[in-house]
Amino acid sequence: MSEFDEDAIETARKIFAGPVAFLKSAPALEHLPDPMVPEIAFAGRSNVGKSSLLNKLTNRNALARTSNTPGRTQELNFFDVGEPLAFRLVDMPGYGFAKAPKDVVRKWRYLVNDFLRGRQALKRALVLIDARHGIKDVDREIMDMLDKAAVSYRLVLTKADKIKPTELDKVAAQTAEEARKRPAAHPDILSTSSETGLGMPELRAAVIEALG
């Protein structure tokens, strides 16, 4: 059973059916847009399917760039939602890319850490976890960052269509169990698929709910 009622699902659907547009990329904190409206950030390993999820969430084919090269996005990408502007989505650079040079990884860590710690407009981060693999140590690192920064976050399973329903239930239960032990994590887990659309209505509703 969904944690969101029909009204919440429909309200979220209408909002995401409206204007959504790329605003800018910020390679460093000085390039961030003014924090005029609430922001929801998306974080995840560099091959977790973040761009595909953002495209499906917003019903756009090419809002976020998808790439076969993990770790291509090394900037914070901002998207405006609503006309007039209601809130922003922030696509954070993927983490856990093995082939990136050490200085790139260091730069990523500083950018993400400073953004998470100092961004007053940030209402929640959605941390994407590949349902086929569950939570990995690199995911725990970003969760540790969020816990230390006292930024509310929610775990979202991606690629849920790639495993059997029984396996998905098991991974979701394990993920929820770990979330409950963490101070800043939302207790409820969402399972999604950008291929089939599974969980997208709930994810849209979760974004709107997080705006407060």
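Structural data are supplied above this passage.
Every value quoted in this text rests on a predicted model; they were computed, and no experiment measured them. (Residues numbered from 1 in each chain as written. Predicted model: local features only at pLDDT ≥ 70, side-chain atom pairs only at ≥ 80, totals over all residues. Heavy atoms only, no water.)

Engineer: An account of the packing of helix H1 (residues 6-17) against helix H6 (residues 200-210) is needed here, citing residue identities and associated values.
Structural biologist: The contact between H1 and H6 brings their axes to 8 Å, and the two run at 85 degrees. Classified by the angle between their axes, H1 and H6 sit roughly perpendicular to one another. Contacts between H1 and H6 pair Ala 8, Ile 9, Ala 12, Arg 13, Ile 15 and Phe 16 from the former with Pro 201, Glu 202, Arg 204, Ala 205, Val 207 and Ile 208 from the latter. Among the residues making up the contact of H1 with H6, the classes are represented as 9 nonpolar, no polar and 3 charged. (Axes fitted to C-alpha atoms, helices over the stretch in contact; angles between N-to-C directions. Helix = DSSP H or I, 4+ residues; strand = E, 2+ residues; numbered from the N terminus. Parallel < 35°, antiparallel > 145°, perpendicular 65-115°, else oblique. Contact = heavy atoms within 4.5 Å. Nonpolar A, V, L, I, M, F, W, Y, C, P; charged D, E, K, R; others polar.)

Engineer: I'd like a description of the nonpolar core, backed by residues and values.
Structural biologist: Formed by 39 residues in total, the largest nonpolar core has its most connected members in Leu 76, Phe 115, Leu 116, Ile 142, Tyr 153 and Leu 155. Of all the secondary structure elements, the ones that give two or more residues to this core are strand E2 (39-44), strand E3 (76-81), helix H3 (102-118), strand E5 (122-130), helix H4 (137-149), strand E6 (153-158) and helix H5 (165-180). When residues no more than four places from it in sequence are discounted, the contact partners of Tyr 153 are Arg 124, Ala 125, Val 127, Met 143, Leu 146, Asp 147, Arg 182, Ala 184, Ala 185 and His 186. Listed in part, the 27 residues of the second largest apolar core include Phe 4, Val 48, Leu 203 and Ala 210. (Core = buried A, V, L, I, M, F, W, Y, C linked by side-chain atoms within 4.5 Å. Buried < 20%, exposed > 50% of the residue type's maximum accessible area, 1.4 Å probe, protein only.)

Engineer: Break down the pairing of E6 for me, with residues and values.
Structural biologist: A large share of E6 lies buried, amounting to 6 of its 6 residues. Every second residue of E6 is oriented toward a common face, with Tyr 153, Leu 155 and Leu 157 on one face and Arg 154, Val 156 and Thr 158 on the other, all of them buried. The pairing of E5 with E6 spans 6 bridges and is parallel. Following the sheet pairing, Leu 128 is matched in E6 by Val 156. Considered for its hand, the β-α-β crossover made up of E5, H4 and E6 is right-handed. Sheet analysis places E6 next to strand E7 (residues 190-191), joined by 2 bridges and oriented parallel. Residue Val 156 lies in a different strand from E7, and its bridge partner there is Leu 190. (Pairing = 2+ DSSP bridges. Right-handed = clockwise from strand over helix to strand, strands pointing away.)

Engineer: Residues and numbers for the environment of Val 105, please.
Structural biologist: Counting through the fold element by element, Val 105 comes out in helix H3. Measuring from C-alpha to C-alpha, the distance between Val 105 and Ile 189 comes to 28 Å, with 84 residues separating the pair along the chain.

Engineer: Quick one: what's the story with the side chain of Asp 139, residue by residue and with numbers?
Structural biologist: Secondary-structure assignment places Asp 139 in helix H4. Sequence-distant contacts of Asp 139, that is, excluding residues within four places in its chain, are made with Arg 45, Tyr 95, Leu 128, Ile 129 and Gly 134.

Engineer: Before we move on, could you go through the pattern of salt bridges and cite the residues and values that matter?
Structural biologist: Within the structure shown, the criterion is met by 16 salt bridges. A salt bridge links Arg 13 to Glu 10, with the shortest nitrogen-to-oxygen separation between them at 2.8 Å. Linking Arg 13 with Glu 10, this pair stays in helix H1, spanning 3 residues, or about one helical turn. We classify Glu 10 as partly exposed; its relative accessible area is 31%. Among the ionic pairs, Glu 141 bridges to Arg 109, the shortest N-O distance being 2.8 Å. Taken together, the residues span a long stretch of sequence, with Glu 141 in helix H4 and Arg 109 in helix H3 at a distance of 32 residues. The partly exposed category is assigned to Glu 141, whose relative accessible area is 38%. Note on Arg 109: relative accessible area 35%, which makes it partly exposed. One network of salt bridges, in which partners are shared, links Glu 3, Arg 124, Arg 154 and Glu 209. (Salt bridge = Lys/Arg side-chain N within 4 Å of Asp/Glu carboxyl O.)

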